[in-house]
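# Working through the structure, step by step
Each chain, written out:
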Amino acid sequence: MRHEMLTPGLKVGLLGGSFNPAHEGHLHLTRMCLQSLGLDRVWWLVSPGNPLKPEKDMAPYARRFASAQKMARDPRIAVSGIEAELGTRYTADTLGELTARFAGTRFVWLMGADNMLQFPKWRNWREIAATVPIAVYPRPGYTLKARLSPAAAILRAWTLDTSDAALLPLMAPPALVFLGGPENPASATAIRAAGGKT
């Protein structure tokens, strides 16, 4: 990981995922988050293994990491293997380590609207919300459902207007914003079903 990315005060988005494989949708939403939130960088955290996804269709870690490196066609994106380095499998544990290790960095967790619906199933999800601000980006078929989800209802008192998204990285958690913007239909599941062709 490049050292200049760890300057105190830097605003860094964290996009966790399997990247099985990485695709244009990842690049699209990353650029949306960079612009909407005023981020300096986005780290793509390639997960060694997602506890909520079956391992049957999961490509080897090295292949998924390579696909993310190939797709990260923006100098503001860093593909990170820090979860494998730390040995963490759960987001709450990863965020605890990152915020302790890089105390001066303003991290924001980037989450798809589809994941917002599952958020209460994540281990220690309330701890996650209390550790870093969260930005939810639109996903086809899930954007409105995410705003009406149980997790959104619990976090409503700490939710910013979409027009105030650029303030999110500067706020103490819990803090949440739903981003507006074009939805990208690309999906790793569909790419795998098509034999890996985008």
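Structure report, in brief.

Calculation criteria
Within each chain, residue numbers correspond to sequence positions counted from 1 in written order. Whole-chain, interface and lining totals are the exception, using all residues; otherwise, since this is a predicted model, local features are given only for residues with pLDDT of at least 70 and side-chain atom pairs are given and counted only at 80 or more. Only heavy atoms go into the side-chain values, all of them from the structure, while hydrogens and water stay out. Only DSSP runs of H or I with at least four residues qualify as helices, and only runs of E with at least two residues qualify as strands; both kinds are numbered from the N terminus onward. We call two residues in contact when some of their heavy atoms are within 4.5 Å. Surface exposure here means Shrake-Rupley accessible area, sampled with a 1.4 Å probe, where a residue is shielded only by the protein chains that are shown. Note on aromatic contacts: the rings of Phe and Tyr and the six-membered ring of Trp form a pair at centre separations within 6.5 Å, being stacked when their planes are under 30 degrees apart, edge-to-face when over 60 apart, and tilted otherwise. Type-normalised accessible area, obtained with a 1.4 Å probe on protein chains alone, sets the label of each residue: buried when under 20%, exposed when over 50%, and partly exposed for intermediate values. Here, a charge over a ring is recorded when the distance from Lys NZ or Arg CZ to the ring centre is within 6 Å and its angle to the ring normal is within 35 degrees. Within the patch definition used here, like charges are joined within 9 Å and nonpolar side chains (Val, Leu, Ile, Met, Phe, Trp, Tyr) within 5 Å, considering only residues with over 30% relative accessible area and no salt bridge. Any Lys or Arg side-chain nitrogen located within 4 Å of an Asp or Glu carboxyl oxygen qualifies as a salt bridge. DSSP calls a pair of strands paired once it identifies at least 2 bridges connecting them. By convention, a crossover is right-handed whenever its connection, traced from the first strand over the helix to the second and viewed with the strands pointing away, goes clockwise. Summarising the geometry, the arc corresponds to the directions from the helix axis toward the C-beta atoms.

This part takes up the overall build of the chain. Helices and strands together make up the secondary structure of the chain, namely nine helices and six strands. Residue pairs in contact within the chain that sit at least 24 positions apart in sequence constitute 76% of those at least 6 positions apart. Counting only carbon and sulfur atoms, one obtains 53% of the accessible surface of the chain, whose full area is about 9,700 Å².

Moving on to the environment of Thr7. Of note, Thr7 is situated in the segment before β1 (11–17). In this structure the C-alpha to C-alpha distance between Thr7 and Phe102, which are 95 residues apart in sequence, comes to 8.8 Å.

With that settled, consider the packing of aromatic side chains. Taken as a whole and assessed by the stated rule, the structure comprises eight aromatic pairs. Judged by centre distance (5.8 Å) and plane angle (85°), the ring pair of Trp43 and Phe102 falls under edge-to-face. One end of the pair, Trp43, is in strand β2 (residues 41–46); the other, Phe102, is in the loop between α4 (91–101) and β4 (106–112), and 59 residues separate them in sequence. Overall, Phe102 belongs to the buried group, its relative accessible area being 14%. Here Trp109 and Trp122 contribute two aromatic rings whose centre-to-centre distance is 6.4 Å and whose plane-to-plane angle is 90°, an arrangement assigned as edge-to-face. Of the two residues, Trp109 is situated in strand β4 and Trp122 in the loop between α5 (113–118) and α6 (125–131); the sequence distance between them amounts to 13 residues. Accessibility assignment for this pair places Trp109 and Trp122 in one class, buried. Put simply, the rings of Trp109, Phe119, Trp122 and Trp125 pair up and form one aromatic cluster. Geometry around Tyr90 places Arg123 over its ring, the cationic atom sitting 3.9 Å from the centre. Here Lys145 stacks its cationic end above the ring of Tyr142, 5.6 Å away from the centre of that ring.

Moving on, we come to a nonpolar patch on the surface. Taken together, the side chains of Leu167, Leu170 and Met171 define a hydrophobic patch exposed on the protein surface, amounting to about 260 Å² of accessible area. Exposure remark for Met171: the relative accessible area of 33% places this residue in the partly exposed category.

We now examine the pairing of β4. Each regular strand shows side chains that alternate between the opposite faces of the sheet. Counting buried residues along β4, six of its seven residues qualify, which places the element largely inside the surrounding structure. Pairing of β1 with β4 involves four bridges; the strand directions are parallel. Bridge pairing links Gly13 to Val108 in β4. Both β4 and strand β5 (residues 134–137) contribute to a ladder of four bridges, which runs parallel. The residue of β5 that forms the bridge with Met111 is Val136.

Okay, the pairing of β1 next. A large share of β1 lies buried, amounting to five of its seven residues. Pairing geometry for β1 and β2, over six bridges, is parallel. Its bridge partner being in β2, Leu14 is matched across the sheet by Trp43. Handedness of the β-α-β unit built from β1, helix α1 (residues 24–37) and β2 comes out right-handed.

Another point: α4. What sets the pattern is the α-helix's 3.6 residues per turn: residues three or four places apart point alike. Within the sequence span of α4, burial applies to Thr91, Ala92, Thr94, Leu95 and Leu98. An end-on view of α4 places all buried positions within 160° of arc, on one side of the element. The elements touched by buried residues of α4 are β1, β2, α3 (82–86), β4 and α6.

This part is about the environment of Arg63. With respect to the helices, strands and loops of the structure, Arg63 is situated in helix α2 (residues 61–71). Arg63 gets classed as exposed once you look at its relative accessible area, which sits at 56%. Remark: the alpha-carbon pair of Arg63 and Phe19, spanning 44 residues in sequence, is separated by 9.4 Å.

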